[in-house]
Amino acid sequence: MILDFSHDERYYFIKRTVREFCEKVLGPTAEEVDRAQEFSWDNAKKMGEMGFWGIQVAPEYGGAGLDTITYAMIIEEIARISASESLSVTVHNSVCAYPIQRWGTDKQKAKYLPKLASGEHIGCFSLTEPNAGSDVASIETTAREVEDGYVLNGNKVFVTNGGVGSTFLIGAMTAKSAGIKGLTIFILEKGMKGFIVGKHENKLGMRGSNTSELIMNEVMVPRENVLGQVNGGFKIAMETLNAGRIGIAAQAVGIGQAALELSSSYARKRKQFKRPLTAFQAISFNLADMLTEVEMARLLVQRAAWKKDNHKPYAKDAAQCKLVASEVAMKATTKAIQIFGGYGFIKDFPIERFFRDAKVTEIYEGTSEVMRIIIAQDLIGKLTR
Ligand SMILES: Cc1cc2nc3c(=O)[nH]c(=O)nc-3n(C[C@H](O)[C@H](O)[C@H](O)COP(=O)(O)OP(=O)(O)OC[C@H]3O[C@@H](n4cnc5c(N)ncnc54)[C@H](O)[C@@H]3O)c2cc1C
């Protein structure tokens, strides 16, 4: 495998354009979006004008049709300014639009992708339930077959975009006794009878992203809304999460990058003992470590994205980049607060927001422990082959 680390002019043009937009449009509202803990429809509309809701959707469905390396860069740039809004965007793109584009029928693609690409519909993907987190096989939501389709009953929790979404991918058991071989993914729509949004979660971080409970009470879903094969949902879910992890890792790189920039700029200006903080080796070594680790994480993201774009197996690479990038984001934001001293602990500076936002990157779309399981299984499988 040869990796080319140069990007073409188009990539840099998109990066400059996205950075300028994020700084000018998302920057001024980032603190307020976090404080209010509300999804900003105003920003969502502006992000729609930039094409952020259809980054990898094919142009024939109104998307930008960009590759995964460029997609990851865009998510990183959004997260560098407003991590919670990068979460709304990455979930919508990687784990809702992507699986519909990959496994949807022509009819499903024509119906859902244009609305998702424009941002008219915000997308969600939901597996997690009160008794099924890391253990997807424990999903209790059922899908009972009837003449025209399936009737869904169950409770989903922690659904990103759940309270603002219009298109939902929902994992439900069509054959409970078969475990993961009995899981099917259904496309649900806002307003279906019996499909209710429950409580909105009050969160430590990522507060500008909506996280809600979903309740399904005898929801009739037509047969044509099955995504892929009946009982074939586990494969779709796992492959969808592989793609999703590249987005979450890119988000974590953006958080790490923000921590690096904020703390290095502060350390240059802040003087103690008549010298800038950067004159103290304890501070400059921390900055050196942050830079090195953020760049290392970005390279792992790019490797996974490159493999995905080139149709190579990338499950291990996606797990590695998510594991590393999320831990780097946590370490970088912790170090950054230390560099800010007491000023890092108060809400006058954005670094405390990035610190709070970083934590969940080690948890969602598979925890760090689950990432290590995936990486170890890949390694052990190769050793025993
Ligand atoms: C803000 C937010 C947004 C989210 N968005 C979505 C979404 O859009 N869609 C969705 O479906 N879910 C979503 N989730 C859920 C998220 O994916 C789960 O929280 C995550 O998968 C972990 O599940 P759990 O919280 O039930 O923890 P558990 O699975 O109960 O895990 C608890 C702890 O035990 C560890 N553990 C579990 N099993 C093992 C094992 N076999 N070996 C070692 N350690 C283990 C875990 O790593 C963790 O440290 C979101 C969560 C949050 C907080």
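Computed from a predicted model, the values in this text were never measured in an experiment.

(A) Representation of the packing of helix 6 (residues 233–269) against helix 7 (residues 281–309). Put simply, helix 6 and helix 7 touch, their axes get as near as 9 Å, and they point 160° apart. One way to sum up the angle between helix 6 and helix 7 is to call them roughly antiparallel. Helix 6 and helix 7 meet at a crossing whose hand is left-handed. Taking contact as the criterion, the partners of Ala243, Ile246, Ala249, Ala250, Val253, Gly256, Gln257, Ala259, Leu260, Ser263, Ser264 and Ala267 in helix 6 are, on helix 7, Ile283, Leu287, Met290, Leu291, Val294, Ala297, Arg298, Val301, Ala304, Ala305 and Lys308. Residue composition of the contact of helix 6 with helix 7, by class: 17 nonpolar, 4 polar and 2 charged.

(B) Structural view of the layout of surface pockets. Looking at the largest pocket, its volume works out to about 1,100 Å³. Taken together, 40 residues form the lining of the largest pocket, with Thr128, Ile363, Tyr364, Glu365 and Gly366 sitting closest to its centre. When contributions to the lining of the largest pocket are tallied by element, the ones reaching two or more residues are helix 4 (68–103), strand 1 (123–126), strand 3 (149–160), helix 6, helix 9 (351–359) and helix 10 (368–384). Here the element with the most residues in the lining of the largest pocket is helix 6; it accounts for 5 residues. Classifying every residue of the lining of the largest pocket by side-chain character gives 23 nonpolar, 11 polar and 6 charged. Approximately 310 Å³ is the volume found for the second largest pocket. Every residue lining the second largest pocket is counted, 15 residues in all, and those nearest its centre are Tyr98, Arg102, Lys308, His311 and Tyr314. Within the residue set of the lining of the second largest pocket, elements represented by two or more residues are helix 4, helix 6 and helix 7. In the lining of the second largest pocket, the residues fall into 5 nonpolar, 3 polar and 7 charged.

(C) Up close: the environment of alanine 72. Relative to the helices and strands, alanine 72 is located in helix 4. Sequence separation between alanine 72 and glutamine 251 is 179 residues, and the spatial gap between their C-alpha atoms is 7.9 Å.

(D) Geometry of the side chain of threonine 167. Mapped onto the secondary structure, threonine 167 falls in strand 4 (residues 167–173). On the basis of relative accessible area, threonine 167 is assigned to the buried category, the value being 0%. A distance of 2.9 Å separates the side chain of threonine 167 from the side chain of histidine 121, its partner in a polar contact. Look past the residues within four positions of threonine 167 in its chain and what remains in contact with it is Cys96, Ile100, Tyr112, Leu116, His121, Ile122, Gly123, Cys124, Ile187 and Leu188.

(E) The arrangement of the site of the ligand in detail. Close to the ligand lie 18 residues, the nearest being Thr128, Ser134, Phe158, Thr367 and Glu369. One of the side-chain N or O atoms of threonine 128 is found 2.6 Å from a nitrogen atom in the ligand. A distance of 2.7 Å separates an oxygen atom of the ligand from a polar atom in the side chain of serine 134. Here the ligand has 970 Å² of accessible area as a free molecule, and 62% of this is covered by the chains. Counting atoms within 2 Å of the grid points, the majority share of the ligand lands in the largest pocket. Secondary structure elements with two or more residues in the shell around the ligand: strand 1, strand 3 and helix 10. No other element matches the 3 residues that strand 3 contributes to the shell around the ligand. Partitioning the shell around the ligand into residue classes produces 8 nonpolar, 7 polar and 3 charged. Shared between two domains, the shell around the ligand takes at least three residues from each, and those domains are domain 2 (123–231) and domain 3 (234–384).

Reading the values: the criteria
- Residues numbered from 1 in each chain as written.
- Predicted model: local features only at pLDDT ≥ 70, side-chain atom pairs only at ≥ 80, totals over all residues.
- Heavy atoms only, no water.
- Axes fitted to C-alpha atoms, helices over the stretch in contact; angles between N-to-C directions.
- Helix = DSSP H or I, 4+ residues; strand = E, 2+ residues; numbered from the N terminus.
- Parallel < 35°, antiparallel > 145°, perpendicular 65-115°, else oblique.
- Left-handed = near helix turned anticlockwise from the far one by under 90°.
- Contact = heavy atoms within 4.5 Å.
- Nonpolar A, V, L, I, M, F, W, Y, C, P; charged D, E, K, R; others polar.
- 1 Å grid on protein atoms, 1.4 Å probe; cavity = no way out; pocket = protein on both sides within 12 Å on 5 of 7 lines; lining within 4 Å.
- Points joined across faces, edges and corners; volume = space filled by probe spheres on them.
- Buried < 20%, exposed > 50% of the residue type's maximum accessible area, 1.4 Å probe, protein only.
- Polar contact = N/O pair within 3.5 Å; in protein donor to acceptor, adjacent residues only side chain to side chain.
- Near = heavy atom within 4 Å.
- Areas by Shrake-Rupley, 256 points an atom, 1.4 Å probe, with all protein chains shown as cover.
- Sits in = over half its atoms within 2 Å of the grid points.
- Domains from an automatic or database assignment.

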